[in-house]
Amino acid sequence: MPIFAFGMDPVMIMDTETQVSQRKLYIESYGCAMNFSDSEIIASIMGENGFATTNDEYDADVIFLNTCAIRDNAEQRIRERLKHLRNNKKKNGDLIIGVLGCMAERLKDKLLEEEKLVDVVAGPDSYRDLPKLVAEVDDGGRSINVLLSREETYGDLNPVRLNSNGVSAFISIMRGCDNMCSFCVVPFTRGRERSRDPKSILREAKELENAGYKEIVLLGQNVNSYLWFGGGPKKEYKTLTEEEQANSVDFADLLEMCAAEFPQMRIRYSTSHPRDINEKVVHTMARHKNICNNIHLPAQSGNTRILELMNRNYSREWYMDKITMIRSIIPDCNISSDIISGFCSETEEEHKDTLSLMEWAQFDFSYMYMYSERPATPAAKKLTDDIDEATKSRRLREIVLLQNRLSKEKNDLFVGKVVEVLVENESKRSTEEWKGRCDENIVCVFPKEHYKKGDLVKMLVESASITTLKGKPVGYATLQA
Ligand code: SAH
Ligand code: SF4
Ligand code: F3S
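Residues numbered from 1 in each chain as written. Chains lettered and ligands numbered in written order. Predicted model: local features only at pLDDT ≥ 70, side-chain atom pairs only at ≥ 80, totals over all residues. Heavy atoms only, no water.

## A few points about the domain arrangement of the protein
No. 1: In terms of domain boundaries, the protein breaks down into domain 1 (12-145), domain 2 (168-412) and domain 3 (418-476).
No. 2: Relative placement of domain 1 and domain 2: their C-alpha centres are 29 Å apart.
No. 3: Of the residues lining the interface, 18 residues belong to domain 1; the matching set on domain 2 comes to 19 residues.
No. 4: Taken together, both faces of the contact between domain 1 and domain 2 bury some 1,700 Å²; the carbon and sulfur share is 54%.
No. 5: Area buried by domain 1 at its contact with domain 2 is led by M34, R71 and R106, which between them contribute 36% of it.
No. 6: Seen at the junction of domain 1 and domain 2, the total is five salt bridges.
No. 7: R190 is paired through a salt bridge with D38; the nearest N and O atoms lie 2.9 Å apart.
No. 8: When residues of the side of domain 1 that touches domain 2 are traced back to their parent elements, those giving at least two are α2 (33-47), α3 (72-91) and α4 (102-107). (Domains from an automatic or database assignment. Contact = heavy atoms within 4.5 Å. Buried area = accessible area lost by both parts, 1.4 Å probe. Salt bridge = Lys/Arg side-chain N within 4 Å of Asp/Glu carboxyl O. Helix = DSSP H or I, 4+ residues; strand = E, 2+ residues; numbered from the N terminus.)

Here it is as structure tokens:
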């Protein structure tokens, strides 16, 4: 009997049938925004191969943990999580568990040896292979692919937006990192730096705009070294042929293209490297109201000797010059940082240099960490992790206390002023309030009134805490200057 015999839409029946046969995938993401963005690529690849994502881990046929390896505690969290997943496997004997991302890439087959529960191990450049890796497990094996690529950018894929607020979305513009900061595991877990075709970035932004998104966040480990010249591993501009140079697109060009093409969308980006940020980028930001006034420019330390040991390729003075340059072009630019306490051989005086740099730079916000030695990194090979835990932790406390004071003082300056807030979600504290972020990337909360998610709203700031501005809405804002 033909399937449309009862006058039903055959497409509907097909849909129901595919849904029945679809297996369920649950993805949990750890680490940085790039990893969260990768999970959306993974969902897309798996979706095309018959897997629907679910938010219920007990409903899943496949569980992927997309992991981070940046500090030891990030990996310990995954080990703990794997212990808990034993229960899931007890309940469902066919459940497939995959460890993906940076920890998978760092540990490779050691992970299969150490964690008997794990069926699939896949590194950041092998996600196209995931359906095959899962099929190998279906056939009774365990599978691994940790090959790093020099070209892969997943540029042609349409990421499936996971846990999205429908307002703001990440777009990866490059992968890998060539910097070799001595403390950092990322070059080992994500391989060589490569930039993504700007056409595919603009296509993705267009799709987001069509789907009603109001903000895009361009992502890379070092966005200021973005350079498109036709694809492949990173090259310096000066090493390109004349023709390649003429057709190349650098980060400032990409920002300009996004800002001009999507005047109704807000544009953010992260992360900038102090060595590579330049005036061209900051001038581009200044020219376009829809590029947000926030630069995440991790200092790591305020002491030149430590910065040299970290192989950051800049000095304290170079960093200060960059801040001066930014503020001379955009006086009210919000600047945030990452700081590491207790790096190898750091003296008390050198730690104080970090505090004084923070005070001088007036950081609006910082992510702050104790140094965690990562196996096989240049620091692990050549330097001694000789600052004891108590000292690292006390120094971190001093850094956090200072940042809290700076954040509060800087946020207090907004009281009585009007900021422009893109509404992202209901506030966690009250169903009567909206939460969003202002241009300067500070969390803002105000009474809902008649405003909707996705609206750009003017908010008169009435009070400020270390992390949040509160106020009342006073009308709609516009992205036109
Ligand atoms: N690409 C970005 C940073 C990515 S990692 C940049 O260069 O700024 C995010 C942050 O984690 C780093 O900025 C650094 O502050 C911190 N980090 C990286 N490795 C670390 C380690 N081994 N111990 C402690 N913190 C670390
Ligand atoms: Fe790590 Fe340095 Fe690359 Fe950032 S720039 S990802 S800290 S190696
Ligand atoms: Fe972690 Fe990998 Fe990001 S190590 S911070 S998830 S690039």
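There's more to say after this.
## Comments concerning the pattern of salt bridges
No. 1: Under the defined criterion, the tally for this structure stands at 51 salt bridges.
No. 2: Here R81 and E57 are joined by a salt bridge, their closest N and O atoms 3.1 Å apart. Of this pair, R81 sits in helix α3 while E57 sits in the loop between β2 (51-53) and β3 (62-67), and the two are 24 residues apart along the sequence. The two residues R81 and E57 agree in class, both being buried.
No. 3: Close ionic contact of K206 with E209 constitutes a salt bridge, the shortest N to O distance being 3.1 Å. Separated by three residues within a single helix, K206 and E209 lie in helix α8 (residues 198-210), roughly one turn from each other.
No. 4: Judged by relative accessible area, which is 38%, K206 ranks as partly exposed.
No. 5: Sharing partners across several salt bridges, the network here consists of D38, D125, R175, R190 and R194. (Buried < 20%, exposed > 50% of the residue type's maximum accessible area, 1.4 Å probe, protein only.)

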